Structure formats: structure tokens, C-alpha cells
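Close look at the chain arrangement
One letter stands for each residue in the lines below.
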Amino acid sequence: MPESRLPNIRVWLLGALVVASLLMIAFGPVFLDRFALNVLSRSMIYAMLAVTVDLLWGYAGVLTFGQAAFFGIGAYATAMVLTHLGSSPELLLLAFVLAILVPLVLGVVVGWLSFGYGTTPLYATVISLVLPIVVTQVAFSGGQWTGSSSGLVGYATLPLSLAGYFRLTGICLLAVAAAAWIFVRSDAGKVLVAIRDNEARCAYLGLNASRIKIALTAVLAGVTGLAGFLFANASGVVAPENTGFVFGTELVIWTALGGRGTILGPVLGTIGIDYLSASLSGQLPFLWKLVVGALFVAMIILLPNGLAGLVGKILPRSKGSRGEGGPLRQAQVMQVPQDVVDKPPLLTIHDLGKSYGSLNVLQGINLTVQPGELVSLVGPNGAGKTTLMRCLSDGTESISGSVSVRGANIAGLAPDAIVALGVGRKFQVASVFDSLTVAECLRMARAARYRPSLVHSSQELDLPSAAVEILKLTALDGMLDRPVSALSHGLKQSLELTMVVALEPQLILLDEPTAGLTKTERMTIGTILKKLTGELGLAAILVEHDLDFVREISSRIVVLHQGQLVLDGTVQDVVNSELVKAIYSGGAHD
Amino acid sequence: MDRTTRKLLFAMAGGLLATAAWAEDPIKIGIPVGLSGANSVVAPSVVQSAELAVEEINAAGGVLGRKLQLEIADDASGAAGAQKAFDSLVFQKEVNAIITMETSAARNAGLPIVAKGEVPFIYTSFYEGRSCSPNLFVNGWVPEQQVPPIVDYFVKKEGAKKFFLVGSDYAFGRGMLEFARTYLEKAGAQVVGEEYLPIEGTDWTAIISKLKSSGADALITSTAGGAPNVTLTKQLRGAGIKLPYGNLAVDEGTAKSMGPDAAGIYIAASYVTSIDSPANKKFLEAMQKKFSGELRTPNDLSVPQYEGIYLYKAAVEKAGSTDASAVLSALGEVSVAGPRGTVSMNKQHHAPLTMYLGQVQENGSVKVVETFPDVDPGTQCPNL
Amino acid sequence: MTILLDVITTAAILFVVAAGLLAIFGVLKIINFAHGAWLTVGGYCAVATTGMGLNPWLALPVAFAVGSALGGITEVLVVRPLYRRPLDAILATWGLGIVVGQLITLWFGRDVQFTPNLLSGTINVFGLDYSFYRLFMVLAALVVGLGFAVLLEGTRLGLSARAVIMNETLARALGIDTAKVRLTTFMIGTGLTALAGVLLTPLTSVDPDMGLAWLIGAFMLVMVAGSSFGALAVACLVFGGAQTLVSTFVSPVLGGITVAVLCALVLRISPKGFARA
């Protein structure tokens, strides 16, 4: 790893901050009064929650009000054990374990409910609203078990002084914040951003976005439960409002004001606002809420990334803090695995039909594709080409007939499972990750194959040789550090194609890969496709309008018209066909 | 800014300025109270009566030659806000005592903090009972004191045999009605229904339909104060319910402003404005003089607050200092004659009280129907 | 029989409360989390109107006017910049709800306010004494529902709105002033919500938080209903009915969370809710 890079201002600041935090945690109790210690202990627990909200909302794009519920469950689990069972060290340990485990398990269930395949992003928010309402109601109805509206109080807690709690929560907050900081910069952390940017692309890169989000929800629920354990001990009381929907919204407000999508922002935002409100709101309760509410609205509209986002813009961006390209390595030379050659055909479509209500979009399609073929799918607009592509890459589409990839029926398989069978799909409009760099996008394409690290941020990029070749042909290899949002339309198309090739697929589906490209770019893509199929033995299905381009590169052409496959033959057969001419001149109606 | 808040700020500023005139540091009394949230309807009246008490005591020479000073903080009517308020009062303002009415959640949230800070806590609200702590004294009523007057009256005077109980699903609502059920069954009456709605619930339809079909001949409700109480009463009247109706959670002020819907409701309280005693008349006049147009109707929460400050004064004088442990041991022994009569928190940190059964009249005033002197709080904290 | 009336009237109340939210969500695809605040504004319009000694019924047009005026300001200042960020729009409108709630508190105080009943007493239906006002709410729901049907089917605005619902880009290409359609829809939605606030006053107390209790229920119903008033009516009947039945036969405490939980489950099974039905 190159060590030549000088640490810049950001890294210095960060180091200084960690040292300052450690000093503060160690010596804070010496000069802070009891009020500050007590309030800050609680604020720091809330700050841990804000970090979890931020990971979900700021990074993974899941707006959640539900963290309050997990927090409350952790706190209630602790308080209930200590109230009803007693307070020996063993029981404290039991409380600790339950406070993490119960939210974790519930997190899996909530995650499963929230992120089923096909649910909308809004649905997760809906669930996150219902969860605290239900949990609060349980707390109210729990009678003596939960203390109803009065909550639980008077149980024995960890035997710590005010200073002890201050240090304990300080260390926990520092640990949680540091872990989050490392995680969001790791390769796995980038996956979250990729999911937020473009969940469909993630699925078509073989990533099971649902499962990742469920795991994230569950783990963060566990962390939140830990915060609940600390809270139940430090405050000595647990009440229904600690688990309610309003508290959930407050966490989001603190995160937003501090700056979502950063780690430091929500931490400082939460501590600052909570401390200020403890000091001020006693005197001006309504005015305080009014000011915070108005600030929040203004912030969401004008500064969606909060104060930290503003500071981040001013400070120079560190090269090391965002995954740059690093040396490009050709880790593997792609070759056709033996089993494919053994068992042709690669793709078999049998009597495929697809209809929306009474409208038949596809009917009676039969098609077989062998390794090494480059099949072009042509036909006028509305012929069903894009629908056909979708039916080949998403097994959850309801169809009649069957589609098999390498002998396996894809019915019911989600896109990521079909990617695992060896199918890569390129969309019509370039589908990439706008918040990432070129190198990070390419790494995302490898994430399904090689589990990304939760800690490290890779400096290398391992790509199959074919992908490397495309990068070189399109000059993208010199732009690995560049943010994708700064790429031209043509380069985005090329990048997406490289990402699909980096999946090492055996069948590539391409929907108008040359649309909007210049002549040179089109030539480059043509060259690449010919090489992939001709030399490496992949198969490709290409939807294309440019008949000249089709004629030049295809090994076979299939004509789709009004949902039916009307012609399937060599380039020569099709080009000379009267039927095709008639279709394209708009005359043919069977 | 609303008038009460503004007045509060002035009062606090005034308190600070006046400090200089006194030889010793003032004795600080912390009032964490729900200036916002559910209790904010009643909180201003509580602050007013506390201000009057402090003014009177200071005018008469203070306590042990020291002036009393109020420190008010908003507890947002809940646990989280109460933690902030108690932290601020106990650790930052370093008050000598906490005297206040709060929600049960807020009181519970404050208890660990007064224990850490070793501060006496006089709780001046009626509540569901059985909150026990060495630091805590209570001068409001508990179910054992409030339920019997209504039940006895309904059974004996109205001839009611079948009772229907309705409450908000929270500690007070459940606590009151659980006691009511036991008491009713002991009195030989029958409970034909007991229903709860979530505390934020707004739709009582199903419960009212059940009430109608239950054949009950009396109704007792114990909802959260303020909105749920008003909502239930409106919907009951809308549905044409005209049974004898005992409301365990309505205060005089709310009943007054509820208009014709409230007429006929029975309430039981340790304080109603119409108590015919010289002490009460003097208190009401002083309140009227001090606050005139801004006056909030004194009620069953604000008057115990007023007396609570006098109780604390008496305890400090008996103990000879503000030392917490000395004051705590004195608090159970002193008594104070106030608008509610003579009050002493001598029964396991709770107070025997004279209870009044009142009925809301068409014009909104509360007419005392019957008086029950010195009702015992029963077994509240046998371990104290 | 009582149950049947309870179900129908509960559904009617839910429908009236959720209609304004649906109008906005249906056309603008924005979830207006200030919905509760607009209900509260309506409630306080009733307080102000009757406080001036005017006829309580007059509060209805007053609330509609005030609600739509405030809605217009909100659309321009808060919602317009957020059409491309729907999740942020939820948050911004939630924040706005806090601001509105605090302003009301500072102006009117925190106290529970009282308004004279619009209609009081009971009426005899099939041998049962039933709340006259609850039955009136059924009429109100029908008027609101039919009003929208006429508005959508019979007016130019409705036509434009339907075009925006189906395909906004196309609508704009056809020369429809989509910005104006949005503004008008938002104003109608908030005006209607404030009107619903007035209609709630005989059933609930009026205080700065009165709208909040209705927000989640209305939100869930609208999620299930999508953009169709017919679907909303069905959703209100089904879930309002479920709430009444659970409250009656199981427990009112469970009844209180029935709408939210059932709606969430329905959306899990069928992400589009009743919109396709």
C-alpha cells in the first residue's frame, strides 16, 4: 500500500477529535459539575441512537422512526429483569444479553417485514411508524410488568457514580461512532450507499439488497438495545415515552440537524441539542420547540445534509477518506467454465407468454441461445423487447411458459439469484451509482462474488481481464477516482457495461447499449461485444434499433413483432426478409 | 409567548433581584412541572399558588430568617422531560427541596435523581397510590380516599347496583378502577363492565355501545385529565347517556368550561372552591388580589401545592435547618392548616384528607353534596 | 344493529379525516405529515368563530378558507422544493406540524378549548337511540366523497389532476400547468382537512395536539387506498369496521392499534394496497 500520501487536514482533525474525546471522557468528571455529567451521560446515549438512525437513513436511505422502539425494548428488558428478578451480577449480565438479543431478533422480523422483495421504500417507513406505536401500547397495557404509564423505577442498577456513568457512556459512544465511521468507509459500507442510490442495479449485480438491509436493521437494533441497557442503568427509570413514535421523530430531527450521511454530525447535533434543551427549555418550553421545529424544516429544505454537510463542503476532501481507484489488477483471466460447454444450451425459452390484464405483451416465444452467440433482438417500438428482457432476468414476473438458464428454471427467482446463475443485465438508461466513484462502482460488481470487508477500504480493484480491457478501450481506466456523477452519458453506459462484464456472466442482456452514443463509442462497444462472444464464449442478447450496428456484430437476429417471434435466423436471412422490411415500413399486420 | 410564561420569567427575574436584600442565601424550592405537554393545562394554576405561598412566607419573615425562592422547570409532562428538569434543579440550581405535582411517569423519573442528590420531594398531586421512597412525601389523595365517597353516594342515595367502569389505559386509570372494582364488590354492588381505551385514543364508540347494552345504572370513569376526559364526556353526551356519572379525573376548572356537557357529573376531591371555611376564603381572596385577571381557578392540584410549601416550611422550622435527613424526619410529623383544612403527611408518608363529593351544576359551578372528614389513605407504604 | 351503525359511522369519520391527506397524496405523491396540524387549525377555527359569537356552522367555510390559504403558503415555501425528495417531504411537513402546533399554543394557550356542539342529542333509528351527530358524519362523508367525484370527473381541474396522477411528464407535455394543479390540489387538501377539524370538534376536545391522534390512522388508510377515493371508502369501511369489531369483542386497547397494524400487514401482502381493486 502506498504510504507517500501526506495526512491532510481532515485526518489531523479527526485524530485530534478522538484524542480530545478520550481526554474529555477521562477528565470530564474532574471539571464538569454534576448537572453537566448527568445530562451529558444521557445525551451521549441518545447520540448512539442518532448514529444508528443515520446509518439507516443517511447511508442506506431507509427513513426510520422505529429506532425508538428498539431502544425502549432494550431499556424495558433491562428494567424488567432488574425489577422482577433482582439485581445480582448474573442478572445484570442477563439483562445486558436480553437488552441486545431481544431487539436484534425483533430487528430481523421487522427487517423481513420491511424489506421483502417488491416493497416500496416508503413501506419501511410505514412499518417504522407502526412499531413504536405497538411497543408503546404494550408498555401501557403491561400493568405491573411494565409499570404502565408510570414506567419502571427503583430497581437496582450498575453500581456506578455519576462520573462512572459519564465515562461508561462516553466510551460506548466513542466505540459506536468509531465502528460506524470505519464501517461506512469500508467496502461493505459503500454497499449501503449503492443500495440507497440504485437498489435495482444492486439486485442486478447479484446483491440481495433485502437481506443486506435486514441484517443492517437487526444489527443496529442490537446496538440500539445496548443503548437502552445503558439508559435504563444510567437514568434509573424507563417510561413508555422512551419507546414512542415522538421520540423516534426526535432522533430523526437531531440526525437531520447534525447532518445525515456523516457520523460526526448526528453525534454532535444530538449532544448539542439535548444539552441545550436541558439547559434552556425549562424556561421557554413552547418557544424552544418552535425554534427547533422551524430550524428542522429550514434544514431539510435548504441544507439536506445538515451542518456537518456544510462543514464537509468547506474542508478540503481527503484523498484517503474516499475510496480511490488504486492500482488496477487483473486478478483473474476470464474463461468459460467447463460445465457450460458441457451442457448447452445456455438459455432456453419455452412458450413464453406475458400479459397485463387482457393485453398480451408476449405470446408463444420459443428461443434457445448457445454459448458464443450474439443474438440481436429487433422489432418496432412496443414489440415487447424490453418486457422479454425483463422476463429473462427477473423470475418474479408472472409469466406463462418457462425460462431456463443453464438448465435451471428461473421461475420465482429474484434478480440477484438469476445473476448468480450467470446472467448480467445492462439497462437501457445507464444504471450506475451516482454517489460513488468509478472504482467503487466496479467493486460493487464484485461484491456478490467476494464478500466486501466490513472494516477495510480496498485500495485495489480486481477485475476480470475482459472488464479491464473495456476500461482501457473507453479510457475509464484513467478515471477510477472520478465520481460517477461527473461522467458523460457515454462513459456511464460504458461503465455499466464494464460492471456487467465484471460479474463474469455467461449470458449478457443488453438493452440498447448504443443509444445516445457517438459513432466512436458505438464502435468500441461493438468491438467489445464481438470479443466477449467470439473469443471468450459468452452469449449476449442485444436489443437494438440501429440495424447497421446489428448487421455488423450479430451472429443471429430474432425479430419480435406484436409480442410474437416472427423470424429467427442469420443476419443474411433477416436482412433480406420481406417481412422485416414490411414491419419496419409499418405495413405488416399479419 | 403566552402570558403565563411571560409572567413566570418576570417572577424569576424579580426573585433574583430581590435576593440581595437578605442576609443569608435563600432556600430554593424546585418545581418541575408540565409547562408543556398533558399537564400544561393545570400547571399555570400550580405555579400561581406556589408563588402566593412564597410571597406570603417571605412577607412574614421567611423560614429561619431565610427567604424562599422558587425555581421552575418544565418537565414536559413526561419521563424524559422530567429527567432534564430534575437534573437541572437538583444538580445545577441545587434546590433544597422539590415540591410539585407531576404525571406519575415524571415523578418516577425524578425519584432516582432526588435520591442521588439527597433532596426531599413533596408530591402534591393525587395519584394511583403506592409510590414509596424515603425521600417522597405525598399530600394529595389516593384511590382509597377518593373512590369511596362516590361509590357510597351512588349506592346509598341513587340506589345504583350495576356499575360500568371506563378508563384510559395508564397507571392512574387502571389503578383507580381496580380499587373501585374491589370496593364496589365489597359494597355489594356489581361491576357489569370495565373497559379501557389507549391514553391517546379518541374513539370511544365501541365502549359507549357496550355501556348502553350492559344495563348499568351508574358510570364511573377515570381517564387521563384534559383531552381524553373531554372527548369521552362529549361522546357520552352525544350518545344520550344520562346515568349517574362519577368522573374521577375531572377538575373544577375543566368542568366549568365544558359547559352543558358537564352538568350533573359527580366529582370527589379534597378541594373545591366552594369549601366554606375562613382559611379558604382568605386563600381565594389573596389569589384574586395577586393575580386578578390572570387568575387560574384554584383546584385540587394547585391547593395541595400551596399547602406543600407551608408543610416544608413547618418541617424546616421543626428540624432547625434545611438538612435533608432532618427535614425528611420532620415532614411526617408537622401539620399545616390550609384551605383544605388541617393536613399532615403522617400515614406512611401520605395524608389523611377531608373529601368532598360535588356535583357540577348547569352554570358550571360545583355544589358540595356531601363531606367526608379525615378519610384515611389506607396502607400505602408499609415499609416506610 | 348498534354494531352496524358503529361501523358505518366510524368509517365515515375516518373517511372525512383522511380525505384531505388522500387528495394530496393521490395527485402530488407527497405525504403531508402536517395533516394533524391542519386538523388542529380547523378545530381552532371553530373556537375562534364561536368565540366571536358567530354561528358554529360558519366555522366550516372559515376553516376551509384558512386551511387552503395556509396550505397555499406551505406548498410554495415548503413542499415545492421537495417533490423530488418524497421522504424529506414527510420530515419537512412533520417539522411544519410542530411549528404550527407551537404557534397555536403560543396564541391560544395550552388549554383544552370548548366549542358548542353542531348538533346534539340522539335520534331514533330502527328503534335505537343513536347519536345524531355521528349519523350526520355519514352524510358529511358522502358529501365529501361525492364532491370529489364531481370535482375529478366533471371539472377541468379534475381532468388535469387525473392526467397528473397517470403521467405527469405527459401531462406537462400536453400543456397542463402541473405547478398550478399541484398548488390547487394542495390547497383543496389542506382546506378539506381543516374542515374535517371543525367536524371533529363535537367528538373530541380541541387542544394543540388534537390532530396528532388522527394522523397515523389517516396516514395508514391513505397508504392502503393509494390515490383512489373509492379505495379509501372501502379501506375506511374495512379497517374502521375491524377497529369497531375488535374494540367491541376483544378489547378497545387492541382496537386502538387495529387500523395501523392491519394496514401495515395488508401493505406487506399487497404493496399497492386496495389501489388495484
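What counts as what
Residues numbered from 1 in each chain as written. Chains lettered and ligands numbered in written order. Predicted model: local features only at pLDDT ≥ 70, side-chain atom pairs only at ≥ 80, totals over all residues. Heavy atoms only, no water. Helix = DSSP H or I, 4+ residues; strand = E, 2+ residues; numbered from the N terminus. Rg over C-alpha atoms; globule rule 2.2 N^0.38 Å. Areas by Shrake-Rupley, 256 points an atom, 1.4 Å probe, with all protein chains shown as cover. Disulfide = S-S within 2.5 Å. Buried < 20%, exposed > 50% of the residue type's maximum accessible area, 1.4 Å probe, protein only. Contact = heavy atoms within 4.5 Å. Buried area = accessible area lost by both parts, 1.4 Å probe. Salt bridge = Lys/Arg side-chain N within 4 Å of Asp/Glu carboxyl O. Polar contact = N/O pair within 3.5 Å; in protein donor to acceptor, adjacent residues only side chain to side chain. Nonpolar A, V, L, I, M, F, W, Y, C, P; charged D, E, K, R; others polar. Pairing = 2+ DSSP bridges. Axes fitted to C-alpha atoms, helices over the stretch in contact; angles between N-to-C directions. Parallel < 35°, antiparallel > 145°, perpendicular 65-115°, else oblique. Left-handed = near helix turned anticlockwise from the far one by under 90°.

**Remarks on the overall build of chain C**
Scanning chain C from terminus to terminus reveals eleven helices and two strands. Walking chain C from its N terminus toward its C terminus, one meets helices and strands in the order α-α-α-α-β-β-α-α-α-α-α-α-α. Taken over the C-alpha trace, chain C has a radius of gyration of 18 Å; the compact-globule value for 277 residues is 19 Å, and the two agree within 12%. In terms of overall dimensions, chain C has a C-alpha envelope of 60 × 45 × 35 Å along the principal axes. Surface summary for chain C: the accessible area is close to 10,400 Å², and the carbon and sulfur share equals 71%.

**What to know about the state of the cysteines**
Two cysteines whose sulfur atoms are joined by a covalent bond form what is called a disulfide. Under the defined criterion, the tally for this structure stands at one disulfide over all chains. Bridging Cys-132 of chain B to Cys-381 of chain B, the disulfide has an S-S length of 1.9 Å. Across the S-S bond linking Cys-132 of chain B and Cys-381 of chain B, the dihedral sits near -85°, which makes this disulfide left-handed. Here Cys-381 of chain B lies in the segment after strand S14 (366-375) and Cys-132 of chain B lies in the loop between strand S4 (121-123) and strand S5 (136-138), a separation of 249 residues in the sequence. Cys-132 of chain B sits in the partly exposed class, given a relative accessible area of 39%. Cys-441 of chain A takes part in no disulfide bond, and the closest cysteine sulfur to it belongs to Cys-202 of chain A, at a distance of 9.6 Å.

**Topic: the interface of chain C and chain A**
When the parts of a complex come together, some accessible area is lost, and that lost area is often taken as the interface size. Of the residues lining the interface, 35 residues belong to chain C; the matching set on chain A comes to 36 residues. The contact between chain C and chain A buries some 3,000 Å² in all, and 83% of this surface belongs to carbon and sulfur atoms. Of all residues in chain C, Leu-87, Leu-91 and Arg-268 of chain C give up the largest surface area on contact with chain A, accounting jointly for 22% of the area buried on that side. Our count for the contact surface shared by chain C and chain A stands at one salt bridge. Two residues, Asp-88 of chain C and Arg-260 of chain A, come together in a salt bridge whose shortest N-O distance is 2.9 Å. Linking chain C to chain A there are seven residue pairs in polar contact (both at pLDDT 80 or more). Broken down by secondary-structure element, the contributors of at least two residues to the side of chain C that touches chain A are helix H3 (59-79), helix H4 (86-108), helix H9 (212-225) and helix H11 (252-269) of chain C. No other element matches H4 of chain C, which puts 14 residues into the side of chain C that touches chain A. Looking at side-chain class alone, the side of chain C that touches chain A contains 28 nonpolar, three polar and four charged residues.

**Side note on the sheet that holds strand S6 (residues 374-378) of chain A**
Residues and elements named next belong to chain A. The sheet built from six strands is open, its strands ordered S9-S11-S12-S6-S13-S14 with mixed pairing. In this open sheet, the two strands that pair with only one neighbour each are strand S9 (423-426) and strand S14 (564-569). Strand-to-strand, the axes of this sheet are offset by a mean angle of 15°, without reference to chain direction. Of the pairings in the sheet, the one linking strand S11 (residues 507-511) to strand S12 (residues 539-543) comprises five bridges and is parallel in character. Opposite Leu-509, over in S12, you have Ile-541 as the bridge partner. Strands S9 and S11 of the sheet are contacted by helix H19 (residues 489-502), whose axis makes an angle of about 175° with S9.

**Here we look at the pattern of salt bridges**
All names here are of chain A. As enumerated under the stated definition, the model contains 36 salt bridges over all chains in all. Arg-556 is the partner of Glu-373 in a salt bridge, and the nearest nitrogen-oxygen pair spans 3.0 Å. Placement of the pair is Glu-373 in the loop between strand S5 (359-369) and S6 and Arg-556 in strand S13 (residues 556-561), with a sequence separation of 183 residues. Residue classification places Glu-373 among the buried residues on the basis of a relative accessible area of 16%. Each of Arg-201, Lys-426 and Glu-496 takes part in salt bridges that share partners, so that together they form one network.

**What to know about the packing of H9 of chain C against H11 of chain C**
Axes are the key here: two packed helices are described by the angle between their axes and the distance separating the axes. All names here are of chain C. The geometry of H9 relative to H11 is characterised by a closest axis approach of 9 Å and an angle of 25° between their N-to-C directions. In terms of axis orientation, H9 runs roughly parallel to H11. In terms of crossing hand, the pair formed by H9 and H11 is left-handed. Residues Gly-217, Met-220, Leu-221, Met-223 and Val-224 of H9 lie in contact with H11, whose contacting residues are Val-259, Ala-260, Cys-263, Ala-264, Val-266 and Leu-267. Residue composition of the contact of H9 with H11, grouped by class: ten nonpolar, one polar and no charged.

**Things to note about the interface of chain B and chain A**
Contacts between chain B and chain A engage 38 residues on the former and 32 residues on the latter. Counting the surface lost from both chain B and chain A, the interface buries some 2,800 Å², and carbon and sulfur atoms represent 55% of this. When the buried surface of chain B facing chain A is broken down by residue, Gln-83, Lys-84 and Phe-91 of chain B rank first, second and third, together holding 21% of it. For the salt bridge of Arg-42 of chain A with Asp-87 of chain B, the shortest nitrogen-to-oxygen distance reads 3.1 Å.

**Digging into the sheet that holds strand S7 (residues 400-405) of chain A**
Residues and elements named next belong to chain A. Strand order in the open sheet formed by four strands is S5-S4-S7-S8, and the pairing between neighbours is antiparallel. The open sheet has two edge strands with one neighbour each: S5 and strand S8 (408-409). Across seven bridges, strand S4 (residues 347-356) lies against S5 in antiparallel orientation. Bridging across to S5, Thr-348 finds its partner in Thr-368.

The quantities given are spatial measurements derived from coordinates; they are silent on function.
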